[in-house]
Amino acid sequence: MTREDTIMWKKDEDTTQQAGRTARDSETPARSGAAASAPSDRTATIGSAIKIKGEVSGDEDLLIQGRVDGSIDLAEHAVTVGTQGHVTASIVASVVTVEGRVDGDIDARERIVLRSSSQVEGDITAPRVVLEDGARFRGGVDMGDAGSGGSSGSASSGSGNAKSTSSGTSAASSSSSSGSSKGSSSGSSRGGGSNGSKDSSSKREAATSASTAGKASAS
Amino acid sequence: MGWLDRITGEDPPVAEQTPEPTEPEALDRPSLGVKALFDGVTPDSAHSVLDLGRASESSFNVYARFARRIRFADLLRAERRADLDRALGESVPAQPDRPYDLILVWDLLDRVAPESRAPLIARLAERAAPRARLHVLVEASDRSAVQPFHFTVLDVDRVRYTPDGPERPARGRLLPAEVERLLQPFEVARAFTSRSGMREYMGILQ
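**Student:** Help me understand the overall build of chain B in this model?
**Tutor:** A tally of regular secondary structure across chain B gives eight helices and 11 strands. Going through the 206 residues of chain B one by one, you find that 42% of them count as buried. Long-range pairs, those at least 24 residues apart, make up 63% of the contacts in chain B between residues at least 6 apart in sequence.

Put into structure tokens, the structure is as follows:
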């Protein structure tokens, strides 16, 4: 076994506890539905000295303090990009909290929180989004259609300038990967313009095992 | 001659002491232009807001009252790049199925090179929904230097002006008729002059 193989996942007690706290802070989602796996108290950590190129999928929450280039698919779990984390990847998860840097699209089934220390470039999609002051964000936010309290009617102007409705209430197809398929990573799809609502059921095909594909290296 | 004073032990004359540059403070101001932008707009999940400025918690929360799709292009940062058109293409992707209904340009017209103004508006018009509304701020004073800002929407009728770097020489002042021509195919529906010396325009795509 090479050194690279042995350090794909680094867990130590301290960082795991810290990650657990962070995940709880970000309201780790309750798991429900048939596709939900057994509850997991565990949080995996990609430490600050770890660099992963490829796809990351799994069945537990994840704290990233290192660097990930590729894609992250933890559709049933919480992903936290810590203050030292730098992700150049698309992220699919249930709850995503960013304290560090993300270059890529983020798709969360429940919630995305961009903390004040975060720096994000990419499109984010979630029913609930929190953008804290100080967060540096460039991209689109798509909160879907749910809970908006209205159908696609026209918004009229009091000054007589009727504001038209856009025609696009239909959900755009998701470009993000789901499940735990491995292969070549495609990186982020930033700026691709697809930021529509996504079929959450497709993201329920959760990965069932913690795994990474591709190359991991320590720096 | 501060070094000589230090060597000779003499205190420099008070007049030679340069005061510490003070950071200009952010100012919260009422904004009739932003109020006009949101006037009568009802919340609708199909609405889409485009802010060419910097993202902020407050702006986001205000926009989220009206729309579920919000884009922050942060072109005020990107305008330092030579190729604004490319930056616009990257930051404001065309969304034919989800065009923008409310567009906040802020003071970008004053910041970009004169030859970039019309193409900028044309690009925005391509990405705008029919009857979309657009808000711009233009320096209206005769000052030779202007303070660039970044802007935060505090409420539908209030905006925070936060200084964004040092003052810079003013480009040629844009007169109202010139702005109206530049904004085509957006037709200016409302215009206001604020106490800050800036003029706000709200245009509607024809």
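**Student:** What am I meant to see in the nonpolar core here?
**Tutor:** Considering soluble globular proteins, one finds that nonpolar side chains tend to be buried as a cluster. Counting residues in hydrophobic clusters, the biggest one holds 89 residues, and the most contacted among them are A:Ile91, A:Ala93 and B:Ile103. Of all the elements, strand E5 (residues 86–98) of chain A adds the most residues to this core, at eight residues. Contacts of A:Ala93, omitting those with residues within four sequence positions, involve A:Leu74, A:Ala75, A:His77, A:Ala78, A:Val79 and A:Ala108.

**Student:** I would appreciate a short explanation of the sheet that holds strand E7 (residues 149–155) of chain B in the present structure.
**Tutor:** Backbone-to-backbone hydrogen bonds join strands into a sheet, with any given pair of strands oriented parallel or antiparallel. Residues and elements named next belong to chain B. Taken in spatial order, the three strands line up as E1-E8-E7 in an open sheet, and their pairing is antiparallel. Where the open sheet ends on each side, the last strands, each with one partner, are strand E1 (27–30) and E7. On average, each strand axis in the sheet is tilted by 30° relative to the strand beside it, whichever way the strands run. Across six bridges, E7 lies against strand E8 (residues 158–163) in antiparallel orientation. From the neighbouring strand, valine 153 faces E8, where its bridge partner is valine 159.

**Student:** It is not clear to me how the environment of B:Ala36 should be interpreted in this structure. Could you clarify?
**Tutor:** Residues and elements named next belong to chain B. In this fold, alanine 36 is placed in helix H2 (residues 32–38). Judged by the 24 C-beta atoms lying within 10 Å of it, alanine 36 is buried. Separated by 166 residues in the primary sequence, alanine 36 and methionine 202 have C-alpha atoms spaced 6.9 Å apart.

**Student:** Please explain the pairing of E8(B) as it appears in this structure.
**Tutor:** For a regular strand, side chains alternate in direction, first toward one face of the sheet and then toward the other. Residue and element names in this part refer to chain B. Taken together, the four bridges between E1 and E8 define a ladder with antiparallel strand orientation. When the bridges of E8 are listed, aspartate 28 appears paired with arginine 160. Between E7 and E8, which pair antiparallel in sequence order, lie two residues.

**Student:** Whenever I open this one, the environment of A:Arg128 confuses me. Can you help?
**Tutor:** Along the chain, A:Arg128 turns up in strand E10 (residues 128–131). Note: C-alpha distance between A:Arg128 and A:Met143 (15 residues apart in sequence) is 6.3 Å.

**Student:** Teacher, can you tell me more about the environment of A:Leu62 here?
**Tutor:** Residue and element names in this part refer to chain A. By secondary structure assignment, the location of leucine 62 is in strand E3 (residues 61–64). For the pair leucine 62 and arginine 115, spaced 53 residues apart in the sequence, the C-alpha separation amounts to 17 Å. When sequence neighbours within four positions are dropped, the list of residues in contact with leucine 62 reads Thr43, Ala44, Leu74, His77 and Val79.

What counts as what
Residues numbered from 1 in each chain as written. Chains lettered and ligands numbered in written order. Predicted model: local features only at pLDDT ≥ 70, side-chain atom pairs only at ≥ 80, totals over all residues. Helix = DSSP H or I, 4+ residues; strand = E, 2+ residues; numbered from the N terminus. Buried ≥ 20, exposed ≤ 12 C-beta atoms within 10 Å, placed from the backbone. Contact = placed C-beta atoms within 7 Å. Core = buried A, V, L, I, M, F, W, Y, C linked by C-beta atoms within 7 Å. Pairing = 2+ DSSP bridges. Axes fitted to C-alpha atoms, helices over the stretch in contact; angles between N-to-C directions.

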